[in-house]
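Close look at the chain arrangement
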Amino acid sequence: MTALTVPTARTKDDVEPAAAERTSGSGQVLKSPHLDVLESEGIHIMREVAAEFERPVLLFSGGKDSAVMLHLARKAFWPAPVPFPLMHVDTGHNFPEVLAYRDEFVERFELRLVVASVQSYIDSGKLRERVDGTRNPLQIQPLLDGITDNKFDAVFGGGRRDEEKARAKERIYSLRDEFGQWDPRRQRPELWNLYNGRHKPGEHVRVFPLSNWTELDVWEYVERERVELPSIYFAHEREVFKRNGMWLTPGEWGGPKDGEPLQRKRVRYRTVGDMSCTGAVESASSTISDVIAEIAISTITERGATRADDKLSEAAMEDRKREGYF
Amino acid sequence: MKGISKVTSVLEPEGLAPRLDRDVEMLRFATAGSVDDGKSTLVGRLLHDSKSVLADTLEAVERASRDRGSDGMELALLTDGLRAEREQGITIDVAYRYFTTARRKFVLADTPGHVQYTRNMVTGASTAELVVILIDARKGVVEQTRRHLAVAALLGVRHLVLAVNKMDLVDFDQSVFAAIAADFAAAAEGLGVVDHTVIPVSALAGDNVVEPSAAMPWYSGPTLLEHLETVEVGIDAAGQQVRFPVQYVIRSADYRGYAGQLAAGVLSVGDDVVVLPSGLRTVVVGIDTFDNPVDFAYAPQSITVRLADELDVGRGDLLVRPGEEPRIVREFEATVCQLSDRPLAAGDRVLVKHTTRVVKAVVDQVNYRLDIETLGRDEAADSLSLNEIGGITLRIAAPLAVDDYAHDRLTGSFLVIDEHDGQTLAAGLVGDPITSATSAAGADAP
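Residues numbered from 1 in each chain as written. Chains lettered and ligands numbered in written order. Predicted model: local features only at pLDDT ≥ 70, side-chain atom pairs only at ≥ 80, totals over all residues.

**Considering the overall build of chain B**
If you tally the helices and strands in chain B, you get eight helices and 25 strands. Buried positions account for 52% of the 446 residues belonging to chain B. Of all intrachain contacts in chain B linking residues separated by at least 6 positions in sequence, the fraction that spans at least 24 positions is 70%. (Helix = DSSP H or I, 4+ residues; strand = E, 2+ residues; numbered from the N terminus. Buried ≥ 20, exposed ≤ 12 C-beta atoms within 10 Å, placed from the backbone. Contact = placed C-beta atoms within 7 Å.)

**Here's the deal with the confidence of the model for chain A**
Residue and element names in this part refer to chain A. Residues of chain A with pLDDT of at least 70 account for 81%, and the chain-wide mean is 81. Note on residues 1-27: pLDDT is under 50 here. Beyond four places in sequence and across chains, it has 48 contacts. This model gives residues 308-315 a pLDDT under 50, and the stretch forms 15 contacts once residues within four places in sequence are excluded. (pLDDT = per-residue confidence, 0-100.)

**Re the packing of helix α2 (residues 64-77) of chain A against helix α6 (residues 215-225) of chain A**
Residues and elements named next belong to chain A. Contact geometry for α2 and α6: axes closest at 10 Å, N-to-C directions at 50°. In this view, α2 runs oblique relative to α6, as classed from their interaxial angle. The interaxial crossing formed by α2 with α6 has left-handed handedness. From α2, Lys64, Asp65, Val68 and His71 reach across to α6, where they touch Val218, Tyr221, Val222 and Glu225. Here the residues of the contact of α2 with α6 are counted per class, giving four nonpolar, one polar and three charged. (Axes fitted to C-alpha atoms, helices over the stretch in contact; angles between N-to-C directions. Parallel < 35°, antiparallel > 145°, perpendicular 65-115°, else oblique. Left-handed = near helix turned anticlockwise from the far one by under 90°. Nonpolar A, V, L, I, M, F, W, Y, C, P; charged D, E, K, R; others polar.)

**Describing the pairing of strand β6 (residues 204-207) of chain A**
All names here are of chain A. The side-chain alternation of β6 yields two buried faces, one formed by His204 and Arg206 and the other by Val205 and Val207. Two elements, strand β5 (residues 173-176) and β6, share four bridges in a ladder whose sense is antiparallel. Its bridge partner being in β6, Ser174 is matched across the sheet by Arg206. (Pairing = 2+ DSSP bridges.)

**Quick look at the sheet that holds strand β2 (residues 86-90) of chain A**
Residues and elements named next belong to chain A. With mixed pairing, six strands are arranged side by side in an open sheet as β3-β2-β1-β4-β6-β5. Two strands lie at the open edges of the sheet, namely β3 (113-117) and β5, each paired on one side alone. Within the sheet, the average angular offset between the axes of one strand and its neighbour, ignoring direction, is 30°. Here strand β4 (residues 154-156) pairs with β6 via three bridges, running parallel. Bridging from a neighbouring strand, Val155 pairs with Arg206 of β6. Helix α5 (residues 140-149) contacts β2, β3, β4 and β6 of the sheet and is inclined by roughly 140° relative to β3.

**Some words on the environment of A:Gln141**
Residue and element names in this part refer to chain A. Note on placement: Gln141 falls in helix α5. A residue is classified by how many C-beta atoms lie within 10 Å of it, and Gln141, with 18 of them, is partly exposed. Between the alpha carbons of Gln141 and Gly157 there is a distance of 16 Å; along the sequence they are 16 residues apart. Once residues within four sequence positions are removed from consideration, Gln141 is found in contact with Tyr121 and Leu127.

**Observations concerning the sheet that holds strand β2 (residues 95-100) of chain B**
Residues and elements named next belong to chain B. If you walk across this open sheet you meet the six strands as β2-β3-β1-β4-β5-β6, and the pairing is mixed. Both outer strands of the open sheet, β2 and β6 (195-200), are each paired with one neighbouring strand and no more. Taken pair by pair, the neighbouring strands of this sheet meet at an average axis angle of 25°, ignoring direction. In this structure, strand β5 (residues 159-165) lies alongside β6, joined through six bridges in parallel fashion. Residue pairing in the sheet places Ala163 in a bridge with Ile199 of β6.

**Remarks on the nonpolar core**
Nonpolar side chains in soluble globular proteins tend to be buried together. Counting residues in hydrophobic clusters, the biggest one holds 195 residues, and the most contacted among them are A:Leu58, A:Val207, B:Phe29, B:Ala125, B:Val131, B:Ala163 and B:Val164. Residue contacts for B:Phe29: discarding those within four places in its chain leaves B:Phe106, B:Leu108, B:Ala128, B:Glu129, B:Leu130, B:Val131, B:Val132 and B:Leu228. (Core = buried A, V, L, I, M, F, W, Y, C linked by C-beta atoms within 7 Å.)

**Considering α2(A)**
Between the first and last C-alpha of α2(A) there are 20 Å, a value that for 14 residues agrees with the 20 Å anticipated at 1.5 Å per step. The element α2(A) is extensively covered by neighbouring structure, given that twelve of its 14 residues are classed as buried. Within the sequence span of α2(A), burial applies to A:Lys64, A:Asp65, A:Ser66, A:Ala67, A:Val68, A:Met69, A:Leu70, A:Leu72, A:Ala73, A:Lys75, A:Ala76 and A:Phe77. Buried residues in α2(A) make contact with α1 (34-52), β1 (56-59), β4 and α6 of chain A together with β8 (248-252) of chain B. (Expected span 1.5 Å × (residues − 1).)

Following this line, the structure appears as structure tokens:
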């Protein structure tokens, strides 16, 4: 075997912490810290999809998971541009900060954006507003139509298996029928790093490159890679009111009602979703490091803390996945 | 848009703190054992005692435990995912769990013990570096244990742990444990498993799972978590031959690079390489990443390689160093585990997905069916059904560069796919990993 030439350092090694070391016979130190392993896996998945599917799309909500996915996509295909468009399901109740962030990113990286608008479905009478004003369940139809109309055959989602019980069994490649439905018994076993993306016309595959990441991994990666995020992830002063144990932001979507007094709080968001069902948490964390420290000692999961829609029933997520939810 | 703070605000000075010194190693492991052995309880205990379960999840489990009429908390409910499973009290598929300690990040493939055990365990073990096999101290090493052991050995899992559970039900008796440990050692060594550890635990009470047990002073080894935190992980990439499957060609202006994830070895700028299956030779002139060009890269990094010559290189090609070439085959023998309820038989036309290449193939013949408990081979078998493991010969429509699975997990594995409905029919391992392992074990014996 050829003797290994041992360069003194990769540039990256200079800044990498000295964890996860492995020394080869030649005295060479090869590190595989968890974030590098996760990043490499994510890039591998994105390249597989770009190579094997005809029309992939990346679901971009402006949330931290989709920001990390986009970052991975930029890394995977550099120096070429990201070879697929983004799709955003706009509930009409999105945080304005997040929309501004989305638009700036699309412009800066010369991306193509497809918007599926819940509001236009409501305006045209194809969907009816729910009594409780929550629009998350209304996203399914515009999402599926967006996929069908654009003939997207692979749809990248930022879902992570640590988020919720029903997601723990989700595959990295998740086959959906022509109604976008997820059937746990029809999912294919996934072995090694081999993914089977074969599907019939009209079907598509949801692909989750962050499957093996946890919330903490995402934040550590955001910090390491200096991934930019919408400002609402960090502590800011905001008028909020309490409903079902969550701090919600007022807006045209239907709050506050009588008996829901507004209070000024220092808050941040752990997830970014529809304003009607995404709660803020009281927080003074104004930097990524603060947020990581806060999460590391948090005693509540991010969905439990901030998503009203998951509290509806124990099987809430399972049901929505079956219907074609992310 | 008034009042919207600037997007980049998060990157202002305080956001530019140096990277945290918190990158840790990652261990992927799998668990095998049945509900009766207390596997869900053990996994629940591991998550609970390593403080990986947050308050709202615990509350939900407590509530569900009460609804089911239990006193206290059923830890097993922490890991039951789907409603269908909760209603039937079974686990139907591999579930992935995540927890982190100060020392490591863990990815746990939790595989059910009884329903479709082989299919699920093969799936879980394919990415695992370690498998925890769980048994009931009252029953000892049983047929199922041997099955789990054989599957782990077949899949090339490097580290095995036997967790002898329910020690409380045998009065924490050292002699019971010692007898089981000896049985297991004999079975593991017979399969060529070089590294195995046996730990006496009580998942229900938590003894030796995360905290050392006060009831078993005779045991001085690590707790299960301590072992998981300290067992050596990662492949010695530098000791392996280079295997770089080309995934995707990146073109931009005058740039042409071959993107992929190194399956094995260390690839350096200046290395001579052979492109397989064409056999063309060239030199690596650059290894690029988004962050910066590097002088060398190692598995499992995702990189982009630039080559000296303009060759016809594309997805499905494999770059290796000269003198280290794998076999180029049009026909090969393999061990397969049938994952589909449709049986595999001679004459079946299928697709084979190997690294980044998909080729048409025909099952030339089924050579034998393996009895996973006795390792006996039924050579009269002419088909393989769901959960069965056996040997087949495949003829393929285009040459493939393959390694034996026992030599390289990623260039020695493949999927068998149904050409018509696209389902994954079988997991394939090139060669005969069980015989390789057992004969190696025999050769090492004094």
